[in-house]
Amino acid sequence: MTPDHDGVGAEGIDWDVHYSAVEQVWSGNPNGVLVAEISDATPGTAVDVGCGEGADAIWLAHRKWDVTAFDVSAVALARAAEYVEKAGVTVQLLHGGLLDLVAPGGRLLFVHHDHSDPEPARHAGFDPADYVMPYDVDDALAELPDAWEVQACENRPRNVTTGAGAGHSVDVVLRARRTNSPT
Ligand SMILES: C[S@@+](CC[C@H](N)C(=O)[O-])C[C@H]1O[C@@H](n2cnc3c(N)ncnc32)[C@H](O)[C@@H]1O
């Protein structure tokens, strides 16, 4: 499948540079939190925001989810398209960012590495304060109590031994369910 491309800004270009540095950035395995939280869920419609090289989207599609996957990086999407084809599954791949996404109904599962000590991240060249984190989204959803039910927002240990995420030992996990349209 060829990804759809429309204009994304500097954020996409930054991520393109990141992805272009190596042939494969991530392990190719689905995120452990996704597997833990969603293995028992009845397949439906899933939107993978920031799908990267597509491992999560492919895992979902294998389990009969109808998956749309977004990323700001065209380089990552091209890889995701290749892996989707090799896996023999169907995923709708779109080039775009989180703010382009509107998802009435459904669940939001947002996983980020814990950066409560920002120094290692700053040493690696970025400042976590520049990024939206699960706790920021939790605060924003608290302003919309009739529209979202936050089911979890917490730190969890992770054990990943391969790929670029192997150095992280704690994830921040936000799990929420859209209960209504915002008023
Ligand atoms: C930490 S990587 C995770 C990739 C993939 N989900 C995985 O677990 O292997 C974050 C991804 O989010 C993408 N991204 C960053 N900002 C984004 C935004 N505003 N909207 C959509 N994707 C974004 C990046 O290009 C990158 O692929």
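Hydrogen bonds between backbone groups are what pair the strands of a sheet, and the pairing can be parallel or antiparallel. The strand order across the open sheet formed by three strands is E4-E6-E5, and the pairing between neighbours is antiparallel. Both outer strands of the open sheet, strand E4 (107–113) and strand E5 (148–157), are each paired with one neighbouring strand and no more. Taken over all neighbouring pairs, the strand axes of this sheet differ in orientation by 15 degrees on average, direction set aside. Contacting E4, E5 and strand E6 (170–178), helix H6 (residues 134–142) crosses the sheet at an angle of about 160 degrees to E5.

This brings us to a nonpolar patch on the surface. Taken together, the side chains of Trp15, Trp26 and Tyr131 define a hydrophobic patch exposed on the protein surface, amounting to about 260 Å² of accessible area. Tracing the backbone shows Tyr131 in the loop between helix H5 (119–123) and H6. The exposure class of Tyr131 is partly exposed, given its relative accessible area of 34%.

A separate point is the packing of aromatic side chains. Following the criterion strictly, the structure yields two aromatic pairs and no others. Ring geometry for Trp15 and Tyr19: centres 6.0 Å apart, planes at 40 degrees, overall tilted. Within this pair, Trp15 and its partner Tyr19 are both found in helix H1 (residues 10–20), separated by four residues, close to a single helical turn. With relative accessibility at 30%, the residue Trp15 sits in the partly exposed group. A centroid spacing of 5.4 Å and a plane angle of 75 degrees characterise the contact between Phe126 and Tyr131, whose relative ring orientation is edge-to-face.

Side chains on a regular strand alternate between the two faces of the sheet. Extensive coverage of strand E3 (residues 91–95) is indicated by the burial of four of its five residues. Across five bridges, strand E2 (residues 66–71) lies against E3 in parallel orientation. Each bridged residue has a counterpart across the sheet, and for Phe70 the counterpart in E3 is Leu94. Handedness of the crossover joining E2 and E3 through helix H4 (residues 74–87) is recorded here as right-handed.

What counts, and at which threshold
Residues numbered from 1 in each chain as written. Predicted model: local features only at pLDDT ≥ 70, side-chain atom pairs only at ≥ 80, totals over all residues. Heavy atoms only, no water. Pairing = 2+ DSSP bridges. Helix = DSSP H or I, 4+ residues; strand = E, 2+ residues; numbered from the N terminus. Axes fitted to C-alpha atoms, helices over the stretch in contact; angles between N-to-C directions. Contact = heavy atoms within 4.5 Å. Patch = residues over 30% accessible without salt bridge, like charges linked within 9 Å, V, L, I, M, F, W, Y side chains within 5 Å. Areas by Shrake-Rupley, 256 points an atom, 1.4 Å probe, with all protein chains shown as cover. Salt bridge = Lys/Arg side-chain N within 4 Å of Asp/Glu carboxyl O. Buried < 20%, exposed > 50% of the residue type's maximum accessible area, 1.4 Å probe, protein only. Phe/Tyr/Trp six-rings, centres within 6.5 Å; stacked < 30°, edge-to-face > 60°. Right-handed = clockwise from strand over helix to strand, strands pointing away.

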